[in-house]
Amino acid sequence: MDFQHRAGGKTGSGGVASASESNRDRRERLRQLALETIDINKDPYFMKNHLGSYECKLCLTLHNNEGSYLAHTQGKKHQTNLARRVAKEAKEAPAQPAPAKVKVEVKKFVKIGRPGYKVTKQRDPETGQQSLLFQIDYPEVAEGIGPRHRFMSAYEQRIEPPDRRWQYLLLAAEPYETIAFKVPSREIDKAENRFWTHWNRETKQFFLQFHFKMEKTLLQSSGPVPPSAVKRPPPLMSGVGPRPPNDSLPPPPPGGMSVPPLPPGAPGAPQMPHQMPMPPMPMRPPPPEVLSMSN
């Protein structure tokens with residue numbers, strides 16, 4: 001047969017392959033590629049029967065070679081049956097118990113009462129800040145446990161009616177009961193040298209000191225008071241001339257009484273110097289109220 005003048009043909013090339021030949025070559029290439037990437041012997045649905053052909057136990061189909069089976073596994077029918085089988089196995093499988101959560105054993109202590117404490121009120125001479133120093137004694141504290149503290153709002157506690165003017169400082173250490181101190185609800189200065197704690201393991205004493213921040217009203221009242229202006233005496237009445245000299249007339253007596261005549265040769269009555277009114281003294285700020293607290 002002459003393939004020289006056929007469309008797409010070239011002399012010496014052997015002609016154009018038919019559709020069946022192209023499909024056979026494509027399946028062969030796919031089989032070689034699948035054999036390189038997929039181990040067909042590990043497929044649970046792959047089976048070779050006694051006739052030398054291959055079967056798919058999932059879809060119940062017959063295949064003449066391995067390439068045909070591999071092409072079948074990539075098809076829609078095989079993928080759909082795989083999804084159904086996975087759903088069925090998940091439904092029939094017994095429910096696996098949830099992994100047990102790690103439980104942390106809570107240490108239980110028998111409360112032995114309230115610890116001893118001492119509270120000292122202080123004021124910084126340089127800044128004028130008010131501070132409180134707490135000393136708590138824990139002689140029977142549990143081994144390996146240190147005291148803890150935190151501030152609580154008045155709306156968190158359930159012992160007293162909430163009052164926004166107060167807050168509570170809580171201190172706790174096992175096996176002692178938790179104690180609370182009622183302090184004014186002012187902003188705490190958390191600077192490094194204004195808030196510190198110390199736990200003495202030898203004497204079993206816990207120290208805590210904090211400072212209150214200075215409020216604007218206190219800063220304004222503690223500042224220097226500007227001197228008030230000196231008031232001048234009221235002017236003289238209009239139409240009245242200047243006072244006569246001291247040696248001529250004595251000062252008028254009180255009550256509008258007439259001036260008695262002076263004996264001849266007597267000196268005039270001394271004239272008292274006019275006193276200027278004293279300027280008002282600056283008002284000092286009232287002393288700060290004593291911080292009240294209760295345990």
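Calculation rules
Residues numbered from 1 in each chain as written. Predicted model: local features only at pLDDT ≥ 70, side-chain atom pairs only at ≥ 80, totals over all residues. Heavy atoms only, no water. UniProt positions renumbered as here; feature names shortened; annotations may be inferred. Pairing = 2+ DSSP bridges. Helix = DSSP H or I, 4+ residues; strand = E, 2+ residues; numbered from the N terminus. Axes fitted to C-alpha atoms, helices over the stretch in contact; angles between N-to-C directions. Core = buried A, V, L, I, M, F, W, Y, C linked by side-chain atoms within 4.5 Å. Buried < 20%, exposed > 50% of the residue type's maximum accessible area, 1.4 Å probe, protein only. Contact = heavy atoms within 4.5 Å.

If you check an unreviewed UniProt entry, the protein chain appears there as Splicing factor 3A subunit 2 from Betta splendens. Under the heading Subcellular location (unreviewed entry), UniProt records this for the protein chain: "Nucleus". Word for word, the UniProt comment on the protein chain under Sequence similarities (unreviewed entry) is "Belongs to the SF3A2 family."

### Focus on the sheet that holds strand β1 (residues 46-48)
Pairing within the open sheet is antiparallel, and its three strands lie in the order β1-β2-β3. Since the sheet does not close on itself, it has two edges, and those belong to β1 and β3 (61-63), each with one partner. If you compare each strand with its neighbour and ignore which way they point, the axes differ by 30° on average.

### Here we look at the nonpolar core
Judged by nonpolar contacts, the single largest core of 19 residues is most densely connected at Phe 134, Ile 136, Tyr 138, Leu 171 and Phe 210. Those elements that place two or more of their residues in this core are β5 (130-137), β7 (166-172), β8 (179-184), β10 (195-200) and β11 (205-212). In contact with Leu 171, other than residues within four places in its own chain, are Ile 136, Tyr 138, Arg 148, His 149, Glu 177, Thr 178, Ile 179, Phe 181 and Phe 206. With 10 residues, the next largest nonpolar core counts Ile 40, Tyr 45, Cys 56 and Cys 59 among its residues.

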